Amino acid sequence: MPAESGSGPARLLDRAAVRLAESAADRNEAIRRCGETLVEIGAVAPAYVDAMLARERSISTYVGEGVAIPHGTLVAKEDIHRDALAVLRFPDGVDWAGETVTVCVAIAARGDGHGAILAELAQVLLDPDRARALREATDPDVVIQLLQPTEHHEDHHEKGDTP
């Protein structure tokens, strides 16, 4: 069940879809692990995994800061049961066409959901400190917190700073 109290990308993240000690021999295996996680939580049909691999063949889903965002092609929308994310951490890194990826944020979204989710994820990934914390996270609750919108983090820090 997705994080009910979450907002932003965290609202789509089932704690069971946070896997922080994964390993993969290569990019394709990492994408398969991401897709299998989405299948295991009931978000997608198994065919969606092939669509994720097809997407990667057409354009890299590497976004920088050691993070990739594998997702399926538009053709695979019917294989999505519900919008969801999965976060898989590969502590030893995975070669991603010459870049090293340590975190994959897999996306399953129907309709125009990908665009909104990508915009929300950009808030996290474009902040080097939050991206580093995501790469280093060893607790699923920390991952869920990091995927909350920025204002939640600012509010939390400001409360401690005000008299």
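Residues numbered from 1 in each chain as written. Predicted model: local features only at pLDDT ≥ 70, side-chain atom pairs only at ≥ 80, totals over all residues. Heavy atoms only, no water.

## A look at a negative patch on the surface
In plain terms, the rule: Without a salt bridge and with relative accessible area above 30%, a residue can belong to a patch; like charges are then joined within 9 Å and nonpolar side chains (Val, Leu, Ile, Met, Phe, Trp, Tyr) within 5 Å. The Shrake-Rupley method, run with a 1.4 Å probe, gives the accessible areas here. Residue values count only the displayed protein chains as cover. Each salt bridge in this description consists of a side-chain nitrogen of Lys or Arg and a carboxyl oxygen of Asp or Glu lying within 4 Å of one another. This count recognises Lys and Arg as positive and Asp and Glu as negative, with His and chain-terminal groups excluded. A single reference atom marks each charge: NZ on Lys, CZ on Arg, CG on Asp, CD on Glu. Strands here mean DSSP runs of E at least two residues long; helices mean DSSP runs of H or I at least four residues long; both are numbered from the N terminus.
A cluster of acidic side chains, namely D26, E29, D95 and E99, defines a negative patch on the protein surface. Here D95 shows up in strand β4 (residues 84-96).

## Topic: the pattern of salt bridges
This is how it is decided: Residue exposure (1.4 Å probe, protein chains only): buried if accessible area is under 20% of the type maximum, exposed if over 50%, otherwise partly exposed.
Evaluated as defined, the whole model comprises 10 salt bridges. For E56, the salt bridge is made with R27, and the minimal N-O distance between the two is 3.5 Å. Pair noted here: E56 is in helix α2 (residues 47-58) and R27 is in helix α1 (residues 27-40), with a separation of 29 residues, a long-range link. Judged by relative accessible area, which is 23%, R27 ranks as partly exposed. Between R135 and E65 there is a salt bridge; the shortest N-O distance is 3.3 Å. Taken together, the positions of R135 in helix α4 (residues 128-136) and E65 in the loop between β2 (62-64) and β3 (67-68) put the pair 70 residues apart, joining distant regions of the chain.

## Topic: unusual backbone geometry
Even without being glycine, E65 reaches a positive phi, approximately 55 degrees. Even without being glycine, A97 reaches a positive phi, approximately 55 degrees. Along the chain, A97 falls in the loop between β4 and β5 (99-108).

## Points about the side chain of R89
As a reminder, the rule being used: Here a polar contact is recorded for every N or O atom pair within 3.5 Å, except that within protein the pair must consist of a potential hydrogen donor and a potential acceptor, and residues adjacent in sequence are included only if both atoms are side-chain atoms. Any two residues having at least one pair of non-hydrogen atoms within 4.5 Å are treated as being in contact.
With respect to the helices, strands and loops of the structure, R89 is situated in strand β4. A polar contact is formed between the side chain of R89 and the backbone oxygen of R135, at a distance of 2.6 Å. Here R89 is in contact with R19, L20, A21, E22, T102, V103, L134, R135, E136, A137 and T138, once residues within four sequence places are set aside.

## Thoughts on the sheet that holds β3
Cut-off, in case you're wondering: Being paired, for any two strands, means DSSP has found at least two bridges between them.
Taken in spatial order, the 5 strands make up an open sheet running β1-β4-β5-β3-β2, and their pairing is mixed. Edge positions in the sheet fall to β1 (13-19) and β2, since each has one partner strand and no second. Strand direction decides the pairing type here: β1 and β4, joined by 3 bridges, are parallel. By the bridge assignment, V18 is partnered in β4 with V87.

## Regarding the pairing of β4
Within β4, 10 of the 13 residues are buried, leaving the element largely enclosed by the surrounding structure. With 9 bridges joining them, β4 and β5 adopt antiparallel strand pairing. Each bridged residue has a counterpart across the sheet, and for V94 the counterpart in β5 is V101. Counted between consecutive antiparallel strands, the loop separating β4 from β5 contains 2 residues, among which A97 sits at a positive phi close to 55 degrees.

## Notes on the confidence of the model for the chain
Using the following cut-off: Every residue is assigned a pLDDT by the predictor, reflecting its confidence on a scale from 0 to 100.
The share of residues in the chain with pLDDT of 70 or more is 87%, and the mean pLDDT across the chain is 86. The weakest mean pLDDT in the chain belongs to helix α6 (residues 150-161) at 45; the strongest belongs to α1 at 98. The model gives residues 1-5 a pLDDT under 50, and that stretch makes 11 contacts with residues more than four places away or in other chains. Below pLDDT 50 for its whole length, residues 152-163 participates in 5 contacts with residues either more than four positions away or in separate chains.

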